Every structure is written in structure tokens, then in C-alpha cells.
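# Coordinate inspection notes
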Amino acid sequence: EARREFFPASALRGPWLALLQNHPSVGLELYFKIFNHSIDWYVHPRVPDRLEPATEVEMTFADGSSHKQWVNTRLWQSYRGTQVSPYALQSMLMALERWLLDVAQAHPEHLDGILLRILRSSKNASLSAVAASVSIAHPRSAGETLLALLTVPEFIQIDRGRMATESQAAGLNQVYRRERDASNELPHRRCDLEWAIANLQLGQLAPRVHAILDRHLSELSMGPERDHAQLVWKLALQRMDLRQYDVVDA
């Protein structure tokens, strides 16, 4: 149920955006707890089916301090939904990016500090990818963040791949959307199997259709104990059976 609740992933799914907007400090601490827990399970799996490994990298800040994180393409691109990952986590990341972009517009003077807090507090590069995205959108308000990201070559390389993936995905999404739209307009979408079975009786297979319909009908209970499902099925059999219809002049 949880997977369906967050599909398709969106910044609007779940309470995350509202939480960040109304209680940003509490919201960020929750993010750190959840994503640090998830990366611990990722790099130390408790299940036999392991995903591709993550690489541990070290980021250096202007004050000389450093912080280690785990990164790979799946983790880095989770906020874009271009890699397979839990939809709930994707939605959380999308909400974080949405909130940070709003902060950048309303309070650009606070942006760098918030992004640096994210980089220093998370062991999961999924959050750093969001910080990188917002830094790209507002480089003049996130100089220290960009400098810290630059100390990790893997971040630069993986984000280059992210950009290439997105440029391809944009075109593919349009193709897929057009294909789905065209598919939805096909005339047979407005018909069903009953319609097809009825039309099948207009050809040489009619006797075989009738034999199957008769077998289904004979298997129905004919007594008063017939339940609703049986009555519905009998009605369907009668609708499909062209022998039940009389030809009249229009």
C-alpha cells in the first residue's frame, strides 16, 4: 500500500513539503535520520539480493573539516526519479528540492548555510544530489556548497551522467506520452471481450463459441441458492450469445 501511495513520486505526495515549510529544522533532522538509516541498510544489506555497491567518498569544507558519504548513480539520481528506488524516498527528495528552491527565491542569504548543513549531516549522497541541484540553480547563493561538492570528483562525474540521462529522458518521455495517447485512442479501447465473443459468432467459429457458452451455462447452479455472482455471469453469457437475439427490421 505504501508503494502505491507514493506512485508516481512527486514533491506533493506525503507530508514532507508541508513539514519543511512549517518546521524546517525538525524536518531536516527527520530527513537526516531516515536517509542515514536507509544508507546503512544499503551498504550493509540484511537481505541476500544486493544492489550495486556504493562508493564511500570524502568531502572537504572551507574550515578544513571533512565528512564521508556513500554515493553511486542510483543514490544520486533518486531525486529525479530516473533510477529505481522507493517511491516514498523519491517523493521526500523531490519535496526537499522544491522547498530549497523556494528558500533560494525568498531567502537567498540563508541558502548556503542550509545546504552546507545537509552536506555535513548526511551520509547518503541522495541528499547531496538535491543540494547540488539547488546550487546549480542558484550558484551565487551557494558558493561554499559548490566548493565543497567540487572536492569530490565522483560527484562531478555522476552529475554529468545525470544531466545526460535527463536530456535523453526528456525526449523519450515525449515519445512515450505520444505513444500512450495514440494507444488510448484506438477504437477497440471502447470494447471488451464480450463484444469480441459476440462478433466471433458471425464467422465459422460460431459452433465452437456456442459449445463453450452452453458448457458455462450448464455449470451454473439452477436452484434458488444461486448467488449474485452467478446471476451476473449468466447475464453475461446471455449477452454474448447471439442465439438469444432476434433479427428485426430497423
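Note that the structure is predicted; figures quoted are calculated from it, not measured.

## Points about the overall build of the chain
From N to C terminus, the chain includes 12 helices and two strands. Shown N-terminal to C-terminal, the secondary structure of the chain runs as helices and strands in the order α-α-α-β-β-α-α-α-α-α-α-α-α-α. Computed over its C-alpha atoms, the radius of gyration of the chain comes to 29 Å, more than 25% above the 18 Å expected for a compact globule of 250 residues. The dimensions of the chain, computed from C-alpha atoms along their principal axes, are 90 × 40 × 35 Å. Residues counted as buried form 35% of the 250 residues belonging to the chain.

## Topic: helix H5 (residues 87–106)
Given 3.6 residues to a turn, an α-helix orients residues that are three or four positions apart in the same direction. With 20 residues, H5 ought to run about 28 Å at 1.5 Å a step, and its terminal C-alpha atoms sit 29 Å apart, in line with that. Turning to H5, its buried residues are Gln90, Ser91, Met92, Leu93, Met94, Ala95, Leu96, Glu97, Trp99, Leu100, Val103 and Ala104. On its buried face, H5 sits against helix H2 (16–22), helix H3 (24–43), helix H6 (108–121) and helix H7 (125–137).

## Section: the nonpolar core
Core analysis: the largest hydrophobic core is formed by 44 residues, its most contacted members being Tyr31, Leu96, Trp99, Leu100, Ile118 and Phe155. If you list the elements that add at least two residues to this core, you get H2, H3, strand E1 (55–60), H5, H6, H7, helix H8 (143–150) and helix H9 (153–184). When residues in this core are grouped by element, the largest group, nine residues, is from H5. Once residues lying within four places of it in the same chain are set aside, the contact partners of Ile118 are Leu28, Phe32, Leu96, Leu100 and Leu127.

## A few points about the pattern of salt bridges
Here the structure, examined in full by the defined rule, presents eight salt bridges. Here Arg46 ties to Asp40 by a salt bridge, and the two come within 3.0 Å at their closest N and O atoms. For Arg243, the salt bridge identified is with Asp214, shortest N-O distance 2.7 Å. One end of the pair, Arg243, is in the segment after helix H12 (228–240); the other, Asp214, is in helix H11 (residues 206–219), with 29 residues separating them in the sequence. Bridged by salt links that share partners, the residues Asp214, Asp241 and Arg243 form one connected network.

## Thoughts on the packing of aromatic side chains
Applying the stated criterion across every chain yields a total of two aromatic pairs. On the numbers, 6.0 Å between centres and 15° between planes, the contact of Tyr31 with Phe35 is stacked. In this pair, Tyr31 and Phe35 are both assigned in helix H3, four residues apart and thus about one turn of the helix distant. By relative accessible area, Tyr31 is classed as buried at 1%.

## Focus on the side chain of Gln77
On the secondary structure map, Gln77 appears in the loop between helix H4 (73–76) and H5. Sequence-distant contacts of Gln77, that is, excluding residues within four places in its chain, are made with Thr82, Gln83, Gly161, Arg162 and Thr165.

## Notes on the environment of Asn36
As for its placement among the helices and strands, Asn36 is situated in helix H3. A sequence separation of 89 residues divides Asn36 from Ala125, and the C-alpha atoms of the two residues are 9.7 Å apart. Here Asn36 is in contact with Ser121, Ser122, Lys123 and Asn124, once residues within four sequence places are set aside. A distance of 3.3 Å separates a polar side-chain atom of Asn36 from the backbone oxygen of Ser121.

## Description of the environment of Ser66
Note that Ser66 resides in strand E2 (residues 66–71). Classification of Ser66 as partly exposed rests on a relative accessible area of 41%. Dropping the residues within four chain positions of it, Ser66 is found in contact with Glu58, Met59, Thr60 and Phe61. Among the polar contacts listed, one links the side chain of Ser66 to the side chain of Glu58, at a separation of 2.8 Å.

About the criteria used
Residues numbered from 1 in each chain as written. Predicted model: local features only at pLDDT ≥ 70, side-chain atom pairs only at ≥ 80, totals over all residues. Heavy atoms only, no water. Helix = DSSP H or I, 4+ residues; strand = E, 2+ residues; numbered from the N terminus. Rg over C-alpha atoms; globule rule 2.2 N^0.38 Å. Buried < 20%, exposed > 50% of the residue type's maximum accessible area, 1.4 Å probe, protein only. Expected span 1.5 Å × (residues − 1). Contact = heavy atoms within 4.5 Å. Core = buried A, V, L, I, M, F, W, Y, C linked by side-chain atoms within 4.5 Å. Salt bridge = Lys/Arg side-chain N within 4 Å of Asp/Glu carboxyl O. Phe/Tyr/Trp six-rings, centres within 6.5 Å; stacked < 30°, edge-to-face > 60°. Polar contact = N/O pair within 3.5 Å; in protein donor to acceptor, adjacent residues only side chain to side chain.

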